[in-house]
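Now for the letters of each chain:
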Amino acid sequence: MADIIGLVLPFFGMIFLGYVVARITRQPIEALGWLNTFIIYIALPALFFKLVAKTPIEQLTRIDFILANVSATYLVFTLIFAAGLLLRRATTREATIQGLAAAYGNIGYMGPGLALLAFGEPAAVPVALIFCFENMLHFSIAPALMALGGGEKQPLHRLAAGVARRIVTHPFIIATAAGFLAAFTGFEAPAPLQRLIDYLAQAAAPCALFAMGVTLALRPLKRVPVEISYIVPAKLVLLPVTMYLVLGLAGSFDPVWVYTAVLLAALPTATNVFVIGQQYGVWQERASATILVTTVLSVATVTALLYLVKSGLLPADPFP
């Protein structure tokens, strides 16, 4: 157990440091702008490119893994979306944010650092695949359901073009696509350029986690929604369990890939859920509360999951 604590302490410790520093210095959230720019446009893309570029191309085309991962994610999304509509009488737009709160984990900021720390570089490819394909779906489904729920005034073709533009211009997806191309062509960066990529990649996880802590500190908990009583267990327990079972039913995967997918499914709600809510003016404060609560509770749930994995109590195949 001491090894597991040693694994998660530096990780969640960086989030805690960001939280404490933000509380002490009282800087406005706008002061975080350049650090977020560095993380999103420079450091994390460098990490994704580095890890994907040196992966055998056959590992990057596992459609069975991608379909299983996305299916598990959207089973939980659909369940919570339906619960919002039927149990809470939410609008389509509100139910969309609730579904995302249960299915959209912090796979960008938290995922790469924790997965690589826990499972080493073999976790790089499943992390990149999960990030790319889940985000492409999130970026597509959110505006589509928001349009279906009303309030979108632009024509369908313009909405579709906007969604496509957001997907193809996202820095993480561009970097991963470049990594795919490098892996396919066998490209190797010159030594000076590779050193720069390595240097930037090393900064990705600590900067992202610190920024996340700052963001949590500057978005105080104002309103705890009733829906949190089922969204939080869905995000932290139901989604990783569903991911584990669906991957087991889908076929035989490398244990590192299974554990990486389950770990990423167990991460707290992504800060992007608040951003999407803010963009459409729906469920903003409650999304912020969900992010804070799932992040705090994930210290215990992620630690427990890693203990099960590292102790051998959780087999890679649930249906041997």
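Structural data are supplied above this passage.
Residues numbered from 1 in each chain as written. Predicted model: local features only at pLDDT ≥ 70, side-chain atom pairs only at ≥ 80, totals over all residues. Heavy atoms only, no water.

Where do I start with the nonpolar core in this structure?
Soluble globular proteins tend to bury their nonpolar side chains together. Counting 103 residues, the largest nonpolar core has Phe-65, Ile-97, Met-110, Phe-119, Leu-247, Leu-263 and Leu-306 as the members making the most contacts within it. Sorting elements by how many residues they give to this core places helix H6 (residues 124-148) first, with twelve residues. Residues Ala-46, Ala-53, Ile-197 and Leu-200 belong to the second largest nonpolar core, which totals six residues. (Core = buried A, V, L, I, M, F, W, Y, C linked by side-chain atoms within 4.5 Å. Buried < 20%, exposed > 50% of the residue type's maximum accessible area, 1.4 Å probe, protein only. Helix = DSSP H or I, 4+ residues; strand = E, 2+ residues; numbered from the N terminus.)

Looking at this structure, how should I read the packing of aromatic side chains?
Each aromatic ring pair is characterised by the separation of its centres together with the angle its planes make. Applying the stated criterion across every chain yields a total of seven aromatic pairs. Seen in terms of ring centroids, Phe-65 and Trp-257 are 4.9 Å apart; in terms of plane orientation they differ by 75°. Their pairing is edge-to-face. Highlighted residues: Phe-65 in helix H3 (residues 63-86) and Trp-257 in helix H11 (residues 255-265), separated in sequence by 192 residues. Side by side, Phe-65 and Trp-257 carry an identical accessibility label, which is buried. Ring centres of Tyr-74 and Phe-77 lie 5.2 Å apart, and the angle between their planes is 50°; this geometry places the pair in the tilted category. One end of the pair is Tyr-74 and the other is Phe-77, both in helix H3 and three residues apart, which spans about a single turn. Residue Phe-77 is classed as buried on the basis of its relative accessible area, which comes to 5%. (Phe/Tyr/Trp six-rings, centres within 6.5 Å; stacked < 30°, edge-to-face > 60°.)

Please explain a nonpolar patch on the surface as it appears in this structure.
Among the surface-exposed residues, Met-1, Ile-5, Leu-9, Tyr-307, Leu-308 and Leu-313 lie close enough to one another that they form a single nonpolar patch of about 590 Å² accessible area. Counting residues per element, the ones that place at least two in the nonpolar patch are helix H1 (2-25) and helix H13 (284-310). By the secondary structure assignment, Leu-9 is in helix H1. (Patch = residues over 30% accessible without salt bridge, like charges linked within 9 Å, V, L, I, M, F, W, Y side chains within 5 Å. Areas by Shrake-Rupley, 256 points an atom, 1.4 Å probe, with all protein chains shown as cover. Salt bridge = Lys/Arg side-chain N within 4 Å of Asp/Glu carboxyl O.)

Is there a simple way to explain the packing of helix H2 (residues 33-53) against helix H9 (residues 191-218) in this structure?
Axis angle and axis distance: for two packed helices, these are the angle between their axes and the distance between the axes, and together they describe the pair. As a packed pair, H2 and H9 sit with axes 7 Å apart at the nearest point and diverge in direction by 125°. Put simply, H2 runs oblique to H9. Our pair here, H2 against H9, has a crossing hand that is left-handed. Contact residues: H2 offers Leu-35, Asn-36, Phe-38, Ile-39, Ile-42, Ala-43, Leu-44, Ala-46, Leu-47, Phe-49 and Lys-50, while H9 offers Gln-194, Ile-197, Asp-198, Leu-200, Ala-201, Ala-203, Ala-204, Cys-207, Ala-208, Phe-210 and Ala-211. Along the lines of polarity and charge, the residues of the contact of H2 with H9 split into 18 nonpolar, two polar and two charged. (Axes fitted to C-alpha atoms, helices over the stretch in contact; angles between N-to-C directions. Parallel < 35°, antiparallel > 145°, perpendicular 65-115°, else oblique. Left-handed = near helix turned anticlockwise from the far one by under 90°. Contact = heavy atoms within 4.5 Å. Nonpolar A, V, L, I, M, F, W, Y, C, P; charged D, E, K, R; others polar.)

What should I look at first to understand the environment of Pro-233 in this one?
Mapped onto the elements, Pro-233 comes out in helix H10 (residues 228-250). Along the primary structure Pro-233 and Thr-294 are separated by 61 residues, whereas in three dimensions their C-alpha atoms are 8.8 Å apart. Residues within four places of Pro-233 in sequence aside, it is in contact with Ile-228 and Leu-238.

I would appreciate a short explanation of the pattern of salt bridges in the present structure.
Proximity of charged atoms lets side chains of opposite charge pair with each other. By the definition in use, this model includes three salt bridges. Note that Asp-64 and Arg-62 form a salt bridge whose closest N and O atoms lie 3.0 Å from each other. Arg-88 is the partner of Glu-227 in a salt bridge, and the nearest nitrogen-oxygen pair spans 3.3 Å. Here Arg-88 lies in the loop between H3 and helix H4 (92-103) and Glu-227 lies in the loop between H9 and H10, a separation of 139 residues in the sequence. Overall, Glu-227 belongs to the buried group, its relative accessible area being 6%.

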